[in-house]
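Descriptive analysis of the structure
Here is how the chains run, residue by residue.
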Amino acid sequence: MLPDGFWRIIRIGLVGLVLAAAVAGLVLGDAWLWAAVEWSPPAYAGFYARGGFDTPTVVALLVAALVKAALLWLILRAPAPGPLDRRAKALRRLLYLAVAYGLVLWYPAALLPDAVDVAFQLALWTAIDVLYLLVIRWRSRMLRAAAGAMFAVGLAGMANELLDELDLLELGSGGIVDLGLMLGGAAATVITVVGQWRDGRWSRGTLVAGWLSVGVYALVIPLDILFEEIFSGNLVMPVMMDAVGLVSTVWIAATARELPTGDRLADLPPARRRAIRVAVAAVAVLPVIALIHPEQTPHLTYTGWSMGCYDRPSFGDLKPAERNAAFLCRARSTEGGVPPMFPDNLSDQGVLAYGRALCRTRDREEQAAILTRAGSARPAWGADLWDLVYVCPEIIGATHPELLRSTTETEAANTAYIAEQNAKCRDPWPRTKGVVQATVRYFLFADGDHGYLVHDPEDEVVGEAAEQAMDRVYDDSALIGVSGSAVLVGHVADVIDLCLTVKAFRSAPPPRTAGWDQVNEVPVVSRGGRLTVPEMGEGDVGAGAPMPNLAIAGKGRYRLRVYVRVDDAGEEQHLVVVFPGASRKRLALKP
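Criteria and thresholds
Counting from 1, residues in each chain are numbered in the order their sequence is written. In keeping with the predicted nature of the model, local features appear solely for residues at pLDDT of at least 70, side-chain atom pairs appear and are counted solely at 80 or more, and the whole-chain, interface and lining totals rest on all residues. Side-chain descriptors were evaluated using all non-hydrogen atoms of the structure, hydrogens and water having been removed beforehand. A run of H or I in DSSP becomes a helix once it reaches four residues, and a run of E becomes a strand once it reaches two; helices and strands are each numbered from the N terminus. Buried residues are those whose accessible area, probed at 1.4 Å on protein chains only, stays under 20% of the maximum for their type, while exposed residues exceed 50% and partly exposed ones sit between those limits. By definition in these notes, contact holds between two residues if any of their heavy atoms fall within 4.5 Å. Only the protein chains shown count as cover for residues, with accessible areas throughout obtained via the Shrake-Rupley method and a probe of 1.4 Å. When DSSP finds two or more bridges between two strands, those strands count as paired. Nonpolar cores are built from buried Ala, Val, Leu, Ile, Met, Phe, Trp, Tyr and Cys residues. Side-chain atoms within 4.5 Å join them into one set. Definition used for salt bridges: Asp or Glu carboxyl oxygen within 4 Å of a side-chain nitrogen of Lys or Arg. To estimate the expected span of a helix, count its residues, drop one, and scale the result by 1.5 Å. Only rings of Phe, Tyr and Trp enter the pairing, Trp through its six-membered ring, and a pair is recorded when the two centres are within 6.5 Å. The plane angle decides the type: under 30 degrees is stacked, over 60 is edge-to-face, the rest tilted. Two thresholds decide whether a charge sits over a ring: the Lys NZ or Arg CZ must be within 6 Å of the ring centre and within 35 degrees of the ring normal. Here, patches come from residues exposed beyond 30% relative accessible area and free of salt bridges, joined within 9 Å for like charges and within 5 Å for nonpolar side chains (Val, Leu, Ile, Met, Phe, Trp, Tyr). The positive count covers Lys and Arg only, the negative count covers Asp and Glu only, and His and the chain ends enter neither. Charge coordinates come from a single atom per side chain, which is NZ of Lys, CZ of Arg, CG of Asp or CD of Glu.

Looking now at the overall build of the protein. Scanning the protein for helices and strands turns up 20 helices and 10 strands. The buried share of the protein, taken over its 591 residues, is 42%. Residue pairs in contact within the protein that sit at least 24 positions apart in sequence constitute 73% of those at least 6 positions apart. Entry remark: accessible area of the protein is about 31,100 Å², with carbon and sulfur atoms responsible for 60%.

Next up, the structure:
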């Protein structure tokens, strides 16, 4: 074992080096200051603050340097002399390895694959926890069993992280599981400190360091929950949390240092005990203080990255108390990479007030003026009614009552509308019945659609065929693109829907071109035994009712005859006739 004088030289040298490096960092720049205080590469500082450190961050780094220097002075105390059995020697070495990992070894470990780092920590703390159970004189079977249970919870958290890194089945996921594992780690620390107190060989200072470690846990949990709000562009809190986190390392080092002593060491002087009580009280109160903001500080419930904002519920599905939150989500959304409606530093109260003002505007110019005053990055875009309805339903609902519906009401209204539209379409050949047939409204894409497909969805290459048919539709004067198992039929008028009738026959019916603007016949093949028209799914495009299989003869070649006309009201009607036929010719029966 090294003499105490040598340990003192090491302590003075390293602590002086930390303080001198922090002072030098003030002169040499942000990167040097970060490396001197945080003991991590300057590149990490660039990740956190690409625009350089502001004054609060520099002050926080200097204060953190003093705190870390003081804690490092305690960590580097010489091990207490005295005999150790085989288990206690192993525990001391592993604890000092954990101290070295927390101070310096974490960075080279970070260069390895994450799974290797997590596996190392799992193995290290499994051994430490087992030796804790064997070395500490718990003086109670119940306490030892409780310690073992809490140690198992903490190790389960590490094992869960390892499974995640290995892309294996995890023990659990989600915030509740993570919070439970974190609380289990805090409970393990509490029980270990109680066991040290009952053992009697550890000093009051070591026990206080253990309780302060629990205080750090109590501080980390609320800050972790409020991660988005506190760590958004602010380095002061992470820097101070990194410094305070060394308290746990102090406790581990003190636990290893005092392992040989047979009895509890002498108590600290009264003045030092009072100072420690003040420190413990400060750590206990600090989590509560961190959650309290001045009256003028913006209150931010949701940001553009909040998990609860990914879903967009219908207005009618929300309770009145939930509607403001839905508007805040939409107002700060960055979905699609677009800037949010309002800046992130605008409080919830400000966003809601500006939203209600937008509801009372008469045109886009007034909206742009309000958004400009609010500091919006997109004032010219204005605000959409389906966003504003959450904050002023009495205004928006007066002119657009459909925006007040629930999901169920919207689905029912859509179903009724589609049924009504289908009923308006009539079979143009009512007396000529096909083997299978259907008459529906076909809804096109509102911003312009090429037309509709008659295709074989079972064909493995139907996707390529559909793309080729789309490319060819405008090369044909009849606006019919053909490619193997896909035929794309274009619409001739500027419409967003058309009446479509499909009929399948076993042989070619008479042409009957009278009353139609154009009639064309093209080949199509069914490799999977199906020919049909896409139906409307979750989107707004497709046939308004189930469509039959027009390949009534199974796999093989068919002829597809398309009748098109536009009536005096501008409504476009299509009749698609399908029947078996081997010809590959295109026929213009009525150009």
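Read on for the rest.
Attention shifts here to the pairing of strand E2 (residues 451-455). Counting buried positions along E2 gives five out of five residues, so the element sits mostly inside the fold. Bridge count for E2 against strand E4 (residues 486-490) is five bridges, and the pairing is antiparallel. Bridging from a neighbouring strand, Val454 pairs with Val487 of E4.

Our next topic: the nonpolar core. Residues Ile75, Leu91, Leu95, Ile128, Tyr132 and Trp138 are the most contacted members of the largest nonpolar core, which totals 41 residues. If you list the elements that add at least two residues to this core, you get helix H1 (4-28), helix H4 (55-75), helix H5 (86-110), helix H6 (114-135), helix H7 (141-165), helix H8 (175-199), helix H9 (204-225) and helix H12 (246-257). Top contributing element to this core by residue count: H12, with seven residues. Contact partners of Leu91, with chain neighbours within four places excluded, come to Ile128, Leu131, Tyr132, Val135 and Leu259. Counting residues in each nonpolar core, the second largest holds 30 residues, with Val440, Val487, Leu498 and Ala551 among its members.

A separate point is the pattern of salt bridges. All chains considered together, the criterion is met by 14 salt bridges. With a shortest N-O distance of 2.9 Å, Asp348 and Arg332 are connected by a salt bridge. Within this pair, whereas Asp348 is found in helix H15 (residues 348-359), its partner Arg332 is found in the loop between helix H14 (320-331) and H15, the two being separated by 16 residues in sequence. Judged by relative accessible area, which is 5%, Asp348 ranks as buried. For Arg332, a relative accessible area of 0% gives the class buried. Overlapping salt bridges bring together Arg137, Asp199 and Arg201 as one network.

Okay, the environment of Phe579 next. For Phe579, the location among the structural elements is in strand E9 (residues 572-580). Residue classification places Phe579 among the buried residues on the basis of a relative accessible area of 5%. Put simply, Phe579 and Ala508 are 71 residues apart on the chain and 5.9 Å apart in space, counted from C-alpha to C-alpha.

Compared with the 16 Å implied by 1.5 Å per residue over 12 residues, the 18 Å span of H14 between its first and last C-alpha is a close match. Those residues of H14 that sit buried are Arg323, Ala326, Phe327, Leu328, Cys329, Arg330 and Ala331. Summarising the contacts, the buried residues of H14 are in contact with H15 and helix H17 (385-388).

Counted by the stated rule, this structure contains eight aromatic pairs. Between Trp516 and Tyr563, the ring centres sit 5.4 Å apart and the planes meet at 55°, which makes this aromatic pair tilted. Of this pair, Trp516 sits in the loop between strand E5 (497-504) and strand E6 (518-526) while Tyr563 sits in strand E8 (residues 556-566); the two residues are 47 residues apart in sequence, bridging distant segments of the chain. The rings of Trp429, Trp516 and Tyr563 are connected pair by pair, giving a single aromatic cluster. The ring of Trp429 carries the charged tip of Arg512 above its face, separated from the ring centre by 4.6 Å. If you follow Arg565 out to its NZ or CZ, it ends over the ring of Trp516, 4.0 Å from the centre.

Once that is clear, we can look at a negative patch on the surface. Where like charges cluster on the molecular surface, the negative patch consists of Asp114, Glu161, Asp164, Glu165 and Asp167. Per-element accounting of the negative patch gives the leading share, three residues, to H7. Here Asp164 lies in helix H7. Given a relative accessible area of 37%, Asp164 falls into the partly exposed group.

There is a patch of nonpolar side chains on the surface, built from Leu26, Val27, Leu28 and Trp32 and spanning about 480 Å² of accessible area. Among the elements that take part in the nonpolar patch, H1 stands out by supplying three residues, more than any other. Considering the arrangement of structural elements, one finds Trp32 in helix H2 (residues 30-38). The exposure class assigned to Trp32 is exposed, which follows from its relative accessible area of 56%.

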